[in-house]
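# Coordinates in review
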Amino acid sequence: MNVDLRHHGDAEVGGGLADFAVNVRTGTPPEWLAARIRASVADLAAYPDPRPARRAVARRHGRSVGEVLLTAGAAEAFVLLARVLAPRRAVVVHPQFTEPEAALRAAGHEVERVILSKDFTLDPALVPEDADLVVVGNPTNPTSVLHPADAVAALAGPGRTVVVDEAFMDVVPGEPESLASRLPAGIVVIRSLTKTWGLAGLRAGYILADPRLVGRLAEAQPLWAVSTPALVAVEACSAPEAVAEAEGWAVELGVERDRLAVELSGRGLYVVPEARASFLCLCVPDALGIRALLRQRGYAVRRGDTFPGLGSDWLRIAVRDRPSNDRLLEELRELGI
């Protein structure tokens, strides 16, 4: 199935629409972080120095500095990996964020898709044994499924690189299934600060990997690829007090997400079970038509048909605060949903 791999949630919003399409936390960045970023403007005459931020990320995950590469968001990380690696058989586990596959294809690699079935739980046996590059999300965008760390780690093996997109892992309290601190051999973890801290416009993320691979990726990365304000944000958001703040928000989010899922399920909709990220994935008859009607009423939701493995009956809905979610529920009720 041909899908638009370059379609993302930001294409759904604008024009005053209430945003349930982009998975970025609303009301962010918090003022203390915004103040740090504003103050960094005073240092823009100097070239960016990534060393303090690299050390902060390393401490945050219990890694060595040599295992950390800072990037201009997770998107740059996928591009760097696609440029540096030379897989014989690349496999992307879908449904998931489409940018990894798009980056691989843009770099000239052939890509195979492993499509997970309904409920979208990971079965490592579905991945071909001779695949030497495997990409998987955890928790996965758009399904909100959190795979067990052991299942993801089971994908690793001799001669294989496993890239785990953990861009939404910090919305899971305690991050119990993260591989960032374990980092088994052959595993590459990609993280982003975009979602929790509201930094999509700043571009801040990082790669955790074996130092030899980090070195190769750094050679392929343009000099000073991460700006001084982004480096300040990475350092600040990796501090223990910031991690604790994100944890508190993740707990609150989980309560509201679960309430919203129960409400939607109670209306007879299929909501992908055990959602753990900051969004819900649901099956709705004529989802594209419902999306169009919601836009007419001032609400943007994410279409699902641009994700391999989903189709025209799927939507992704970002979880907002309770009053906002209730307003969306009322709009859906008026549409007979």
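Residues numbered from 1 in each chain as written. Predicted model: local features only at pLDDT ≥ 70, side-chain atom pairs only at ≥ 80, totals over all residues. Heavy atoms only, no water.

On to the packing of helix 1 (residues 31–39) against helix 8 (residues 228–237), then. The N-to-C vectors of helix 1 and helix 8 enclose an angle of 145°; their axes lie 9 Å apart at closest approach. Both helix 1 and helix 8 take part in a crossing whose hand is right-handed. On helix 8, the residues that touch Trp 32, Leu 33, Arg 36 and Ile 37 of helix 1 are Pro 229, Val 232, Ala 233, Ala 236 and Cys 237. Its residues placed into classes, the contact of helix 1 with helix 8 shows eight nonpolar, no polar and one charged. (Axes fitted to C-alpha atoms, helices over the stretch in contact; angles between N-to-C directions. Helix = DSSP H or I, 4+ residues; strand = E, 2+ residues; numbered from the N terminus. Left-handed = near helix turned anticlockwise from the far one by under 90°. Contact = heavy atoms within 4.5 Å. Nonpolar A, V, L, I, M, F, W, Y, C, P; charged D, E, K, R; others polar.)

Ordered by their spatial adjacency, five strands build an open sheet running 1-11-12-10-9, and the pairing between neighbours is mixed. Because the sheet does not close on itself, it has two edges, and the strands there are strand 1 (18–20) and strand 9 (270–271). Looking at chain direction, strand 9 and strand 10 (residues 279–283) are connected through two bridges and run antiparallel. From the neighbouring strand, Val 271 faces strand 10, where its bridge partner is Leu 282. Lying on the sheet, helix 10 (residues 287–296) is in contact with strand 11 (299–303) and strand 12 (314–318); it crosses strand 11 at an angle near 155°. (Pairing = 2+ DSSP bridges.)

Turning our eyes to something else, we now look at the pattern of salt bridges. Scanning all chains against the criterion turns up 27 salt bridges. The partner of Arg 113 in a salt bridge is Glu 101, and the shortest N-O contact between them spans 2.8 Å. With Arg 113 in strand 4 (residues 111–115) and Glu 101 in helix 4 (residues 99–106), the pair connects residues that are 12 residues apart, well separated along the chain. Arg 113 gets classed as partly exposed once you look at its relative accessible area, which sits at 29%. Look at Glu 101 and you get buried, because its relative accessible area is 0%. With a closest N to O distance of 2.8 Å, Arg 259 and Asp 326 form a salt bridge. Within this pair, whereas Arg 259 is found in helix 9 (residues 240–265), its partner Asp 326 is found in helix 11 (residues 322–334), the two being separated by 67 residues in sequence. Salt bridges linked by common partners bring Arg 60, Glu 166, Glu 175 and Arg 191 together as one network. (Salt bridge = Lys/Arg side-chain N within 4 Å of Asp/Glu carboxyl O. Buried < 20%, exposed > 50% of the residue type's maximum accessible area, 1.4 Å probe, protein only.)

Here we come to the environment of Ala 233. Within the secondary structure, Ala 233 sits in helix 8. Looking at Ala 233, the relative accessible area reads 0%, which means it is buried. Discounting residues that sit within four places of it in the chain, Ala 233 has contacts with Leu 33, Ile 37, Leu 193, Leu 199 and Leu 202.

What follows covers the UniProt feature "domain: Aminotransferase class I/classII large" (unreviewed entry) in the chain. Within this numbering scheme, the UniProt entry marks residues 25–331 as carrying the feature "domain: Aminotransferase class I/classII large" (unreviewed entry). Span residues 25–331 is 37% helix and 17% strand, its end C-alpha atoms 22 Å apart. (UniProt positions renumbered as here; feature names shortened; annotations may be inferred.)

This part is about the nonpolar core. Membership of the largest hydrophobic core comes to 50 residues, with the highest contact counts inside it found for Leu 33, Leu 70, Leu 179, Trp 197 and Leu 208. The greatest single-element share of this core, amounting to six residues, is contributed by helix 8. Once you skip the residues sitting within four places of it in the chain, Trp 197 turns out to touch Arg 25, Thr 28, Pro 29, Pro 30, Trp 32, Leu 33, Cys 237, Ala 242, Glu 245 and Ala 246. Phe 168, Leu 315, Val 319 and Ile 337 belong to the second largest nonpolar core, which has 29 residues in total. (Core = buried A, V, L, I, M, F, W, Y, C linked by side-chain atoms within 4.5 Å.)

Let us now look at helix 10. Ala 287, Gly 289, Ile 290, Arg 291 and Leu 294 are the residues of helix 10 that are buried. Looking at the buried positions of helix 10, the neighbouring elements they touch are strand 11, strand 12 and helix 11. Looking one or two places after helix 10, you find Gly 298, whose phi comes out positive at around 100°.

In this section: the sheet that holds strand 3 (residues 90–94). Spatial strand order, 2-8-7-6-5-3-4: seven strands in an open sheet with mixed pairing. Pairing within the sheet leaves two strands with one partner each, and these edge strands are strand 2 (68–71) and strand 4. Sheet twist, expressed as the mean angle between neighbouring strand axes with direction ignored, is 20°. Strand direction decides the pairing type here: strand 3 and strand 4, joined by five bridges, are parallel. By the bridge assignment, Val 92 is partnered in strand 4 with Arg 113.

Among the eight residues that make up helix 4, six are buried, leaving the element largely enclosed by the rest of the structure. Burial in helix 4 covers these residues: Glu 99, Pro 100, Glu 101, Ala 102, Ala 103 and Leu 104. For helix 4, the secondary structure elements touched by its buried residues are helix 3 (73–84), strand 3, strand 4 and strand 5 (133–137). Just beyond helix 4, the residue with positive phi is Gly 108, at close to 95°.

Relative to the helices and strands, Leu 208 is located in strand 8 (residues 205–208). Along the primary structure Leu 208 and Val 164 are separated by 44 residues, whereas in three dimensions their C-alpha atoms are 9.9 Å apart. If sequence neighbours within four positions are ignored, Leu 208 has contacts with Val 57, His 61, Arg 63, Glu 67, Val 68, Ala 180, Leu 183, Ile 187, Val 188 and Val 189.

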